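Remarks on the overall topology
Chain by chain, the residues run as shown.
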Amino acid sequence: MFILPKLDYAYDALAPYIDSHTMEIHLNKHHQAYIDNLNKALQGHPELVSWSLEKLLIDIDLVPQDIRIAIQNHGGGHYNHTLFWKIMTPKSKIVHGKLEQKIVQWFGSRELFVQSFENVAKTRFGSGWAWLVVDKQGELKIYSTANQDTPLMVGDMPLLGLDVWEHAYYLNYQNRRPDYIVAWWNVVNWEFVEERYCQLIG
Ligand code: MN3
């Protein structure tokens, strides 16, 4: 049985960039619903009990067909949101580490990276996520996915993920998705992301 993770900070800690009410509903209603539906889907499949959440998504093609879409949507939803809470912090500060070096090498500058990521997040039509991932070759990529599709399903490891579903910003920003995207940089937990990157590249 999968359960809702605890936040490392208070609901109102990310304000004014993300408001308390949005955080509370996003975690306790939206994220909880993905977990409930994931657990429900797995109920009829005891052979999958030993699979981790990551394995269910990385090996999505091996998941029995009758629950594959449910795992993709709700397992993806659980994984993406669990990462999303971790990559945010009220004590955001830039880290000049290995990831920044790679970002500058790959995108030309930190500013060009930010621009490119924002562009992908702004132009995702409908609901989905914007990602910075490490691919199998250890290279960085920026792209978006629809719905709760997760980079794990195509063999990439997400470093940064921005939820651009309306439920992530509508109470505070209404239709102004670009304002939410720009504000979000103020709460990115670069220390966590740097550590994750260093673990991934070994
Ligand atoms: Mn969400």
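Residues numbered from 1 in each chain as written. Predicted model: local features only at pLDDT ≥ 70, side-chain atom pairs only at ≥ 80, totals over all residues. Heavy atoms only, no water.

1. Describing the nonpolar core
Residues Phe113, Phe117, Leu132, Leu160, Leu162, Tyr180 and Trp184 are the most contacted members of the largest nonpolar core, which totals 46 residues. For this core, the domains that each give at least three residues are domain 1 (20-87) and domain 2 (98-201). If we ignore the near neighbours within four places in the chain, the residues touching Phe113 are Ile103, Phe107, Leu132, Ile142, Leu160, Trp185 and Trp190. In terms of nonpolar packing, the next biggest core, distinct from the first, is built from 15 residues, Leu53, Leu56, Leu57 and Ile60 among them. (Core = buried A, V, L, I, M, F, W, Y, C linked by side-chain atoms within 4.5 Å. Buried < 20%, exposed > 50% of the residue type's maximum accessible area, 1.4 Å probe, protein only. Domains from an automatic or database assignment. Contact = heavy atoms within 4.5 Å.)

2. Here we look at the pairing of strand S1 (residues 128-134)
Consecutive residues of a regular strand have side chains that alternate between opposite faces of the sheet. Of all seven residues that make up S1, seven are buried, and the element is covered over most of its length. Of the two faces of S1, the one holding Gly128, Ala130, Leu132 and Val134 and the one holding Trp129, Trp131 and Val133 are both buried throughout. Across seven bridges, the pairing between S1 and strand S2 (residues 140-146) is antiparallel. If you follow Leu132 over to S2, its bridge partner there is Ile142. (Helix = DSSP H or I, 4+ residues; strand = E, 2+ residues; numbered from the N terminus. Pairing = 2+ DSSP bridges.)

3. Considerations on the domain arrangement of the chain
Under the domain assignment used here, the chain contains domain 1 (20-87) and domain 2 (98-201). Taken together, the contact between domain 1 and domain 2 spans 21 residues of the former and 28 residues of the latter. Summing both sides of the interface, domain 1 and domain 2 together bury roughly 2000 Å²; the carbon and sulfur share of this comes to 64%. Of all residues in domain 1, Asn80, Phe84 and Ile87 give up the largest surface area on contact with domain 2, accounting jointly for 31% of the area buried on that side. (Buried area = accessible area lost by both parts, 1.4 Å probe.)

4. Things to note about the sheet that holds S1
The three strands are arranged S2-S1-S3 in an open sheet whose pairing can be described as antiparallel. Sheet topology places S2 and strand S3 (157-163) at the edges, where each strand pairs with a single neighbour. Put simply, the sheet's adjacent strands are angled 25° from each other on average, direction ignored. Of the strands in this sheet, S1 and S3 are in contact with helix H3 (residues 65-86), which crosses S3 at around 85°. Here helix H4 (residues 98-107) sits on the sheet and contacts S1, S2 and S3; the angle it forms with S2, its principal contact strand, is near 85°. (Axes fitted to C-alpha atoms, helices over the stretch in contact; angles between N-to-C directions.)

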